[in-house]
Amino acid sequence: MSYNNPPSKTKKKKTINYILFIVFVFFAVLQLNDPDGVLWFSVYLIVSGVCLLNNFINIPKPLIILIIVLLLVYSAFHFSLFIDYLKTENKEEIFGEMVYEKPYLEGTREFIGLLIAAFGVMYQL
């Protein structure tokens, strides 16, 4: 028995990874009706795959870090839209339908989604 990797912790991490896998597959499926659904489906499916695969093999740390960096860099392109959203008075709009006159709504959703995805991959470290 290794003290660095107790069985209870391994079982807990695996359980959390299965939950993350299911959550990100759910996120991926929800994206299929979006105009850019293929892109977002792919992003969330890759993250779900990392969570599941890490239960069975040790994914190289540099690869995990690369995925995190890519997600954060991509989220940076949406940061200004997120700031625009923070300046609005009606914060509930984020839960409504996409409005083409308000691109900050979709940009904010994408920014938050990318951060959630990045945190899901960060958990693998």
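Thresholds, definitions, all that
- Numbers given to residues run from 1 along each chain, matching the order in which its sequence is written.
- Totals for whole chains, interfaces and linings use all residues, but because this is a predicted model, local features are given only for residues with pLDDT of at least 70 and pairs of side-chain atoms are given and counted only at 80 or more.
- Neither water nor hydrogens contribute to the side-chain values; these are computed over all heavy atoms in the structure.
- Exposure above 30% relative accessible area and no salt bridge define the residues that can form patches, which grow by joining like charges within 9 Å and nonpolar side chains of Val, Leu, Ile, Met, Phe, Trp and Tyr within 5 Å.
- Under the convention used here, a 1.4 Å probe and the Shrake-Rupley method define accessible areas, while residue burial counts only the protein chains that appear.
- By convention in these notes, a salt bridge is any Lys or Arg side-chain nitrogen within 4 Å of a carboxyl oxygen on Asp or Glu.
- For every residue, the accessible area (1.4 Å probe, protein chains only) is compared with the maximum for its type, and the residue is labelled buried under 20%, exposed over 50%, or partly exposed between those bounds.
- Secondary structure elements are taken from DSSP: a helix is a run of H or I of four residues or more, a strand is a run of E of two residues or more, and numbering for both begins at the N terminus.
- Counting of polar contacts relies on pairs of N or O atoms within 3.5 Å, with two restrictions inside protein: one atom must be capable of donating a hydrogen and the other of accepting it, and residues adjacent in sequence are counted only when both atoms are side-chain atoms.
- What makes two residues a contact is simply this: any of their non-hydrogen atoms within 4.5 Å.
- Any two rings among Phe, Tyr and Trp, with Trp reduced to its six-membered ring, count as a pair given centres within 6.5 Å; such a pair is stacked if its planes are under 30 degrees apart, edge-to-face if over 60, and tilted if neither.
- By definition here, charges over rings are those cases where NZ of Lys or CZ of Arg is within 6 Å of the ring centre and within 35 degrees of the ring normal.
- Helix span, expected: 1.5 Å multiplied by one less than the number of residues in the helix.
- Regarding the arc, it is the one traced by the directions from the helix axis to the C-beta atoms.

A surface patch of nonpolar side chains, amounting to about 470 Å² of accessible area, comprises Ile65, Val69, Val73, Phe77 and Leu125. Taking the relative accessible area as the measure of exposure, Phe77 reaches 62% and is therefore exposed.

Turning our attention to the side chain of His78. Checked against the element boundaries, His78 lands in the loop between α3 (61-76) and α4 (79-86). Assessed through its relative accessible area of 7%, His78 is described here as buried. Here the side chain of His78 touches Tyr74 through a polar contact of 3.1 Å, landing on its backbone oxygen. Leaving out residues up to four positions away in the same chain, His78 has contacts with Trp40, Gly107, Glu110, Phe111 and Leu114.

What follows deals with the side chain of Gln31. Residue placement: Gln31 occurs in the loop between α1 (7-30) and α2 (37-53). Assessed through its relative accessible area of 16%, Gln31 is described here as buried. What Gln31 contacts, discounting residues up to four positions off in sequence, is Gly37, Trp40, Phe41 and Tyr44.

Applying the stated criterion to the full structure yields eight aromatic pairs. Geometrically, the ring pair formed by Phe24 and Phe27 is edge-to-face, given 5.5 Å between the ring centres and 90 degrees between the ring planes. Residue Phe24 and its partner Phe27 are located together in helix α1, separated by three residues, close to a single helical turn. What makes Phe27 partly exposed here is its relative accessible area of 22%. For the cation-ring pair, Lys13 lies above Tyr123, with the distance from its terminal atom to the ring centre recorded as 5.0 Å.

For the rest of this paragraph, the subject is α3. Here α3 is 16 residues long and its end C-alpha atoms lie 22 Å apart, about the 22 Å a rise of 1.5 Å per residue gives. For α3, the complete set of buried residues consists of Ile64, Ile67, Ile68, Leu71 and Ser75. Seen along its axis, α3 keeps its buried residues to an arc of 95 degrees; they face one direction. Opposite the buried face of α3, by more than 90 degrees, sit the exposed residues Pro62, Leu70 and Ala76.

Purely spatial values, then, with no claim about function.
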